[in-house]
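An overview of the molecular structure
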Amino acid sequence: MKPKRLGRELKGVNNLFSRNVENCEAIRYVNELTSANAFVLGYLAKNQNVDIYQKTIEEKFSITKSTASKVLKLMEQNGLINRYSVQEDARLKKLVITDKGLAIHESVRNGLDSVEEKAFQNFTQEEKDQLFNFLERIKNNLKN
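Just so we're clear, the structure is a prediction, and the values are computed from it rather than from any experiment.

1. Examining unusual backbone geometry
- The backbone phi angle of S62 is positive, close to 50°, even though this residue is not glycine.
- Tracing the backbone shows S62 in the loop between α4 (54-61) and α5 (65-77).
- Despite not being glycine, N122 shows a phi value in the positive range, around 65°.
- Its place among the elements puts N122 in the loop between α6 (99-119) and α7 (125-143).
- We classify N122 as exposed; its relative accessible area is 79%.

Okay, structure coming up:
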């Protein structure tokens, strides 16, 4: 039996999770929304009282500058977010979720919750906490 490899296991879980999210009826309903958009919208919706920039999204979701730029550009084109110049630094663009983005976020929130609930079937709260602890440690190790 081949030993398990972290990258392969994480990729497999990510693929299955993404497939379940994208097959969720609430998300299929919104054709311009990808799972990446859903997570960014959720973050922006929960942090409306905080100034958020592209760099924030890059760090929060561990994505590259080019990936964040593509995702945010499409979200802006689809009317999900607006970017506003910051007076202190013209290079910075504050990200703000639109009313359309908020409405879509609300409609898919229940779908995302059901996928996560499905993923954690038969897990105790302690096991979930351990998993998130392990994943955080892996992220920190790979950042250094």
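There's plenty left to go through after this.
2. Section: a nonpolar patch on the surface
- A surface patch of nonpolar side chains, amounting to about 490 Å² of accessible area, comprises L6, L10, F123, L131, F132 and L135.
- Those elements that provide at least two residues to the nonpolar patch are α1 (6-23) and α7.
- The element contributing the most residues to the nonpolar patch is α7, with three residues.
- Relative to the helices and strands, F132 resides in helix α7.
- Among the residues examined, F132 registers a relative accessible area of 44% and is labelled partly exposed.

3. Topic: the packing of α1 against α6
- Where α1 meets α6, the closest approach of the two axes is 9 Å, and the angle between their N-to-C directions is 145°. For α1 against α6, the interelement crossing comes out right-handed. On the side of α1, the interface is formed by F17, N20 and V21, while α6 contributes L112, V115, E116, K118 and A119.

How each quantity is defined
Chains are numbered independently. Their residues run from 1 in the order of the written sequence. Per-residue local features of the predicted model are confined to residues with pLDDT of at least 70, and side-chain atom pairs are confined, for both listing and counting, to 80 or more; whole-chain, interface and lining totals are unaffected and use all residues. In computing side-chain properties, one takes all heavy atoms of the structure into account and sets aside hydrogens as well as water. Runs of E in the DSSP output that reach at least two residues are strands. Runs of H or I that reach at least four are helices, and both are numbered from the N terminus. For each residue, the accessible area found with a 1.4 Å probe, counting protein chains only, is set against the maximum for its type, and the residue is called buried under 20%, exposed over 50%, and partly exposed in between. By definition, no residue in a patch forms a salt bridge, and every one has over 30% relative accessible area; like charges are joined within 9 Å, nonpolar side chains (Val, Leu, Ile, Met, Phe, Trp, Tyr) within 5 Å. Methods summary: accessible areas were calculated by the Shrake-Rupley approach with a probe of 1.4 Å, and residue burial reflects only the protein chains presented. We define a salt bridge as a contact between a side-chain nitrogen of Lys or Arg and a carboxyl oxygen of Asp or Glu at a distance within 4 Å. Only C-alpha atoms enter the line fits that serve as axes; for helices the fit covers just the stretch in contact. Angles between N-to-C directions range over 0 to 180 degrees. For any helix crossing, the convention is left-handed if the near helix is rotated counterclockwise from the far helix by under a right angle, and right-handed if that rotation is clockwise. For this analysis, residues touch if any pair of their heavy atoms sits within 4.5 Å.

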